[in-house]
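# Examination of the molecular architecture
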Amino acid sequence: MADQHPPRPPTIYDVAQAAGVAPSTVSRAFARPGRVNSQTAERIRAAATAIGYRANPVAQALSTARTRMIAVLVSDLSNPLYAELLRGAQVAASAAGYGVLVEDTREDAATERETAERILPLVEGVLLTSSRMSDSAIRSIAKQRPVVVLNRGLTDVSCVVADEQRGARRAVEHLGEAGHRDLAYASGPDASWTNGARWRAFSDACHELELTGRRIGPFEPTFAGGFEAALALAGARSTAVVAFNALMAVGLIRGLQQAGLVVPDQVSVVGFDDVLIGQIVSPALTTVSTPMQSMGATGLRNLLGLVNGARSRSPGPVVVPARLVIRDSSGPPGAQGG
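Conventions used here
Residues numbered from 1 in each chain as written. Predicted model: local features only at pLDDT ≥ 70, side-chain atom pairs only at ≥ 80, totals over all residues. Heavy atoms only, no water. Helix = DSSP H or I, 4+ residues; strand = E, 2+ residues; numbered from the N terminus. Rg over C-alpha atoms; globule rule 2.2 N^0.38 Å. Buried < 20%, exposed > 50% of the residue type's maximum accessible area, 1.4 Å probe, protein only. Contact = heavy atoms within 4.5 Å. Areas by Shrake-Rupley, 256 points an atom, 1.4 Å probe, with all protein chains shown as cover. Lys, Arg positive; Asp, Glu negative; His and termini not counted. Charge placed at Lys NZ, Arg CZ, Asp CG, Glu CD. Domains from an automatic or database assignment. Buried area = accessible area lost by both parts, 1.4 Å probe. Salt bridge = Lys/Arg side-chain N within 4 Å of Asp/Glu carboxyl O. Polar contact = N/O pair within 3.5 Å; in protein donor to acceptor, adjacent residues only side chain to side chain. Axes fitted to C-alpha atoms, helices over the stretch in contact; angles between N-to-C directions. Left-handed = near helix turned anticlockwise from the far one by under 90°. Pairing = 2+ DSSP bridges. 1 Å grid on protein atoms, 1.4 Å probe; cavity = no way out; pocket = protein on both sides within 12 Å on 5 of 7 lines; lining within 4 Å. Points joined across faces, edges and corners; volume = space filled by probe spheres on them. Nonpolar A, V, L, I, M, F, W, Y, C, P; charged D, E, K, R; others polar. Phe/Tyr/Trp six-rings, centres within 6.5 Å; stacked < 30°, edge-to-face > 60°.

Here we take up the overall build of the protein. Check the secondary structure of the protein and you find 13 helices and 12 strands. The C-alpha atoms of the protein give 27 Å as radius of gyration, which overshoots the globular expectation for 338 residues (20 Å, by more than 25%). Projected onto its principal axes, the C-alpha coordinates of the protein cover approximately 95 × 55 × 30 Å. Here the protein holds 338 residues, and the buried ones make up 48% of them. Look at the contacts in the protein between residues 6 or more apart in sequence, and 71% of them connect residues 24 or more apart. Surface summary for the protein: the accessible area is close to 16200 Å², and the carbon and sulfur share equals 51%. Taking the average location of the 33 positive side-chain charges in the protein and that of its 30 negative ones, the two points are 10 Å from each other.

It is worth spelling out the domain arrangement of the protein at this point. Here the protein is partitioned into domain 1 (69-162 + 292-320) and domain 2 (164-289). The distance between the C-alpha centroids of domain 1 and domain 2 comes to 28 Å. In terms of surface lost to domain 2, no three residues of domain 1 exceed Pro80, Arg132 and Ala162, which account for 38% of the buried area on that side. At the junction of domain 1 with domain 2, the criterion picks out zero salt bridges.

Examined against the element boundaries, Asp182 turns out to sit in strand E6 (residues 182-186). Relative accessible area serves as the criterion here: at 12%, Asp182 is assigned to the buried category. A polar side-chain atom of Asp182 sits 2.8 Å from a polar atom in the side chain of Arg214. Excluding residues within four positions of it along the chain, Asp182 makes contact with Thr212, Arg214, Arg237, Ser238, Thr239 and Ala240.

In this section: the packing of helix H1 (residues 12-19) against helix H3 (residues 38-51). Each pair of packed helices can be summarised by the angle the axes make with each other and by the distance between the axes. Where H1 contacts H3, the axes come no closer than 9 Å and their chain directions differ by 115 degrees. By crossing handedness, the relation of H1 to H3 is classed as right-handed. Touching Asp14, Val15, Ala18 and Ala19 of H1 are Arg43, Ile44, Ala47, Ala48 and Ile51, all from H3.

If you walk across this open sheet you meet the six strands as E2-E1-E3-E4-E5-E11, and the pairing is parallel. Strands with a single pairing partner mark the edges of an open sheet, and in this sheet they are strand E2 (99-104) and strand E11 (318-320). Recorded for the sheet is a direction-independent mean angle of 20 degrees between the axes of neighbouring strands. The sheet contact formed by strand E1 (residues 69-74) and strand E3 (residues 125-129) spans five bridges and is parallel. Residue pairing in the sheet places Leu73 in a bridge with Leu128 of E3.

As a further point, take empty space enclosed by the protein. Taken as a whole and assessed by the stated rule, the structure comprises three cavities of 30 Å³ or more. In this structure, the largest cavity spans a volume of roughly 130 Å³. In terms of lining, the largest cavity is formed by 19 residues, of which the most central are Leu81, Tyr82, Ser130, Phe244 and Asp273. Sorting the residues of the lining of the largest cavity by element identifies helix H5 (81-95) and helix H9 (193-208) as the ones contributing at least two each. Its residues assigned to classes, the lining of the largest cavity comprises six nonpolar, eight polar and five charged.

A few words now on the packing of aromatic side chains. Following the criterion strictly, the structure yields three aromatic pairs and no others. Arranged with centres 5.9 Å apart and planes meeting at 35 degrees, the rings of Tyr185 and Trp199 form a pair that is tilted. On the criterion of sequence distance, the pair formed by Tyr185 in strand E6 and Trp199 in helix H9 is long-range, its members being 14 residues apart. Across the pair, exposure class does not vary: Tyr185 and Trp199 are buried alike. Here Tyr185 and Phe202 contribute two aromatic rings whose centre-to-centre distance is 5.7 Å and whose plane-to-plane angle is 40 degrees, an arrangement assigned as tilted.

Written out as structure tokens, the structure reads:
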């Protein structure tokens, strides 16, 4: 008995024969429909339906570079801050009919650039969140695909940043009004643009308000980094500390508590980024809050605008607001000091 083979699926050549057109016309009708006469395109679609032909979306994407996918590069997926950013970006992408490809670059500039170069052929645009790459590396990526950068200001590349100046100033004003005169800033990574912006704003505010402001670190932007900062803070005169982010602030609180210090009676702690862990730690964290979902959505929508041919109209970054949320980790300095 002869071997039974499954029927061969129809190809564009079969569609071409059924529609009475050239195979190249069929290919254009599915890959670049705007380049085919509407009546011809309709005849081709009808022929394809009649013989059961289905276009290969992957092949179409490779031939047209329209994958309808956006890459989002995240410096540390373990940081809950990025969950908010990603949610805003994903909702905005889905509403526009795009998918999101997420990559964790592990706070490493080389890994980030290698990842970006590897996935560029698969996506139509790249959203960089808190990028650790150099300015020149980001510009190089932007020459190959549309790019929007979050949490970093950069000329010639579309950016969305938080109002770090206002946020840090409100934190320093709050501590100064509570009676603190010697403040410390627990620094995050030197490669972080946001860290530099927060330190400069903190230092400027301390100078204007005639407060002493010192910098300790840098530390890893993690719970462990905050715990290390608490050890570095021990014995210092500072009665209040502003941490680079919420994870560090929570680590600071636990480290100070383990050292026998009471927060906020002996040391007040303020962080940045209003994530859930800061609300459930005891005492609850006073923090500078930025609408991260809104930032992610804004960045993604701006990126889709670039993907679809728009030009950046703003000479500078888009700035989203920041506000201070006062909870229990800050208050007047106690009699024992830091």
